[in-house]
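Spelled out, the chains give:
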Amino acid sequence: MNAKLVKTINYFLLALLAVVVLIPFFWMLTTALKSENEALHTPPLILPGTPHFENFIKALTVAPFLKYFFNTLVVSACVVVASTIVTVLAAYAFARLEFRGKTALFFVVLASMMIPQEMLIITNFMTMAKLGWLNSYQALILPYCVNAFNIFLLRQTIMQIPEDLYTAARIDGLGSFRYLRKVVLPIARPTILTTALLSLIWIWNTYAWPNLVTTNDDLRMVSNGLKNAFTTSTGNIQYELQMAAATLVTIPLIILFVCLRKYIFAGMAKAGIKG
Amino acid sequence: MAGLKKPRVRGEKKYDSTAYLYLLPAFVLLAVFTVYPVVNTVVTSLKLDYRFLTGDFVRFSAQHYADILNDATFRRACVNTAFLAFICVPLSMLISLIAALLLNSVKKLRGFFTTLFYLPQVTNVIAAGMVFAFLFNTNFGLVNMVLGWFGVDPVAWISGVGIAKSAALYNQAYARCLFILMVYSLWSGLSLKVILFLGGLQNINPQYYQAARLDGTSRWNIFRKITFPLLSPTTMYVFITSVITAFKAYSAVVALFGNSYGPIGDQSKMMITIVGYIIDALGDYLSPGAISIASAAAVILLLIIMALTALQLKLSKKWVHYK
């Protein structure tokens, strides 16, 4: 009976914690569905009288939010494609090929992993300004196209493919690039998907760098748009629209995560948490 | 299989020079956007009154480091960042460890709860920060509504009324903002830590538990004598990576408290962080010396993070024998 009681208490505590984690999501969603008067009601209403789904349309049109979504999609797509290619090529070279300076170059990759992005933005900002690339897609995309951590993660995966397979393929006359395409890519696909997903989440949620290099509304991304829109000229915040926009920004990633969560968790397990 | 080492083919190692082609894109990008910036930031931090447009500077000097360390705003940034790193992180670890222990003790719904606890990690930081600011809204927020059920009068959580004139009011406003920041960081920090702790718990050999149960060891003693020591490498890893993350805090603070890092009426950038200090200085890049100041602050941040990383590498070597 003791074990059963403990189990019940465990589930109860987990449910309690789950409710606490969900409260912000609930408050965001319920506010997004309120009318302006309901959002500004004291004491606050837990649920709207009738759900105002038109808030989502309004949020998309009050600020050029469709534009922000479009920009974010363009930047994420470019970053994911480019960084995946860069990562696969480099990881493969480190995992399978022999060349002079391998140890030194790999050390550069490892060292890059610990440099905070926050330090790099100063010089990268100066570089972009000097190139005249402020307010351009290049400025938003290029610095994200290389990710030392992803190179490291994928190298670990490729190294787990038996070396004999490589030797056999080379003896059969398969070039190293064809081996990469025909053998490594299919086997390493789950990890590649993990790195692509991590890049995507990172880009979608990034704020500081895009905010620094874009001042033009036409080039803003969702995080920046979200931060700056929905405050009227008198300083009043249109909470229901702000929360509707926040919902629209949050939902796509949550859906993506729930569908593909096994790849994200697998990537974290592989990242070398040698408990 | 892994133990069998293939005998090397006689003769010298065969080098494959096409390897450099594979590495070219990555290293061009790393050189331009990582290696050069590190070097350049260190150099720029030592240029006195560096002007961005002309590239002129007075001379090389460590003056800007002295300026920063004497700057009240930078010290405030350090205090706030330290609050996140050394108060919020341990608290968040405690909650995450409890959550992971609970998850590890149940079978049904474990995947469901794990997924749910991970949601804050994939939520846009700006969106989440704005939601928290609204949760703590004086008139329309959920927090005051719940407090109202217990007869508590609405609290003006993010309010700068009177703080310019009265130190006591300033400190009260500051304490309220720190509380909000703490609640936010507990919520957002839960995700990764729970997953990491759960992974660590699942790596512990179940035979220890079976043996302890046969001996009739109490739950608390099992935790104290088996789980906690065997989990210590994970705990250390979680602690140091979380502290490093805390030192990079910025977006959340902006989302919670706005671009002036504080309630309306606050001129002191009450809730600024080290990264916020860097970005503010950088935003002022046309005035002489601003970029040097940003760079000097960034170098200080880099040194802190390097020290923490070195500590982590050292400890992970020391504790590896637990496995």
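A quick note: this is a predicted structure, and the numbers were derived from the prediction, not measured.

Focus: the overall build of chain A
Argument step 1. Looking only at helices and strands, chain A features 13 helices and zero strands.
Argument step 2. A globule of 275 residues ought to have a C-alpha radius of gyration of about 19 Å, yet chain A, at 24 Å, is considerably larger.
Argument step 3. By its C-alpha atoms, chain A is 75 × 70 × 30 Å across when sized along the principal axes.
Argument step 4. Burial statistics for chain A: of 275 residues in total, 43% are counted as buried.

Thoughts on the overall build of chain B
Argument step 1. Broken down by element type, chain B carries 12 helices and zero strands.
Argument step 2. Secondary structure of chain B in N-to-C order comes out as α-α-α-α-α-α-α-α-α-α-α-α.
Argument step 3. Relative to a compact globule of 323 residues, whose C-alpha radius of gyration would be 20 Å, chain B shows 25 Å and is clearly more extended.
Argument step 4. For chain B, the spread of C-alpha atoms along the principal axes amounts to about 75 × 65 × 30 Å.
Argument step 5. Counting the 323 residues in chain B, one finds 41% classified as buried.
Argument step 6. Long-range pairs, those at least 24 residues apart, make up 69% of the contacts in chain B between residues at least 6 apart in sequence.

Observations concerning the interface of chain A and chain B
Argument step 1. Counting residues at the interface gives 71 residues for chain A, matched by 80 residues for chain B.
Argument step 2. If you list the elements that add at least two residues to the side of chain A that touches chain B, you get α1 (2–32), α4 (65–96), α5 (102–114), α6 (117–130), α10 (176–205), α11 (208–213), α12 (222–228) and α13 (239–270) of chain A.
Argument step 3. With 14 residues, α13(A) is the largest single contributor of residues to the side of chain A that touches chain B.

Focus: the confidence of the model for chain B
Residue and element names in this part refer to chain B.
Argument step 1. Per-residue confidence for chain B gives a mean pLDDT of 89; residues scoring 70 or more make up 94%.
Argument step 2. The low-confidence segment residues 1–5 (pLDDT under 50) makes zero contacts with residues lying over four places distant or belonging to another chain.
Argument step 3. ipTM for the predicted complex: 0.89, alongside a pTM of 0.90.

Focus: helix α4 (residues 110–122) of chain B
Argument step 1. Spanning 13 residues, α4(B) covers 19 Å between terminal C-alpha atoms, matching the ideal 18 Å at 1.5 Å per step.
Argument step 2. Restricting attention to buried positions, one finds in α4(B) the residues B:F113, B:F117, B:Y118, B:L119, B:P120 and B:V122.

Observations regarding the domain arrangement of chain B
Residues and elements named next belong to chain B.
Argument step 1. Each domain of chain B was delimited in the assignment, giving domain 1 (29–70) and domain 2 (76–127 + 179–292).
Argument step 2. The gap between the C-alpha centroids of domain 1 and domain 2 is 32 Å.
Argument step 3. Each partner contributes to the interface: domain 1 provides eight residues, whereas domain 2 provides six residues.
Argument step 4. Within the side of domain 1 that touches domain 2, the residues separate by chemical class into two nonpolar, three polar and three charged.

Regarding unusual backbone geometry
Residue and element names in this part refer to chain B.
Argument step 1. You will see that Y261, though not glycine, has its phi angle at about 55 degrees, which is positive.
Argument step 2. Summarising the element assignment, Y261 is placed in the loop between α10 (251–257) and α11 (274–283).
Argument step 3. In this model, K269 sits at a positive phi of 55 degrees, which is unusual for a non-glycine residue.
Argument step 4. Taking the C-beta count within 10 Å as the criterion, K269 has 21 such neighbours and is therefore assigned buried.

Digging into the packing of helix α3 (residues 72–105) of chain B against α11(B)
Argument step 1. Direction vectors running N to C along α3(B) and α11(B) enclose 145 degrees, while the axes themselves pass 7 Å from each other. Residues B:T73, B:F74, B:A77, B:C78 and B:T81 of α3(B) touch α11(B), and the partners they reach there are B:I274, B:G276 and B:Y277.

Comments concerning the packing of α5(A) against helix α8 (residues 148–159) of chain A
All names here are of chain A.
Argument step 1. The N-to-C vectors of α5 and α8 enclose an angle of 125 degrees; their axes lie 8 Å apart at closest approach. By the angle class used here, α5 and α8 are oblique. The interaxial crossing formed by α5 with α8 has left-handed handedness. Across from V109, L110, S112 and M113 in α5, the residues of α8 making contact are A148, F149, I151 and F152.
Argument step 2. Considered class by class, the residues forming the contact of α5 with α8 number seven nonpolar, one polar and no charged.

Details of helix α5 (residues 125–135) of chain B
Argument step 1. Counted residue by residue, α5(B) has 11 buried out of 11 residues, so it is predominantly covered.
Argument step 2. Listed in full, the buried residues belonging to α5(B) are B:V125, B:I126, B:A127, B:A128, B:G129, B:M130, B:V131, B:F132, B:A133, B:F134 and B:L135.

Structural notes on the environment of B:L308
Argument step 1. On the secondary structure map, B:L308 appears in helix α12 (residues 290–318).
Argument step 2. Put simply, B:L308 and B:M270 are 38 residues apart on the chain and 26 Å apart in space, counted from C-alpha to C-alpha.

Observations regarding the environment of A:M221
All names here are of chain A.
Argument step 1. Within the secondary structure, M221 sits in the loop between α11 and α12.
Argument step 2. The class of M221 is buried, set by 28 C-beta atoms lying within 10 Å.
Argument step 3. Spatially, the C-alpha atoms of M221 and E240 are 21 Å apart, while their sequence positions differ by 19 residues.
Argument step 4. Look past the residues within four positions of M221 in its chain and what remains in contact with it is Y68, N71, T72, V75 and P210.

Analysis parameters
- Residues numbered from 1 in each chain as written.
- Chains lettered and ligands numbered in written order.
- Predicted model: local features only at pLDDT ≥ 70, side-chain atom pairs only at ≥ 80, totals over all residues.
- Helix = DSSP H or I, 4+ residues; strand = E, 2+ residues; numbered from the N terminus.
- Rg over C-alpha atoms; globule rule 2.2 N^0.38 Å.
- Buried ≥ 20, exposed ≤ 12 C-beta atoms within 10 Å, placed from the backbone.
- Contact = placed C-beta atoms within 7 Å.
- pLDDT = per-residue confidence, 0-100.
- Expected span 1.5 Å × (residues − 1).
- Domains from an automatic or database assignment.
- Nonpolar A, V, L, I, M, F, W, Y, C, P; charged D, E, K, R; others polar.
- Axes fitted to C-alpha atoms, helices over the stretch in contact; angles between N-to-C directions.
- Parallel < 35°, antiparallel > 145°, perpendicular 65-115°, else oblique.
- Left-handed = near helix turned anticlockwise from the far one by under 90°.

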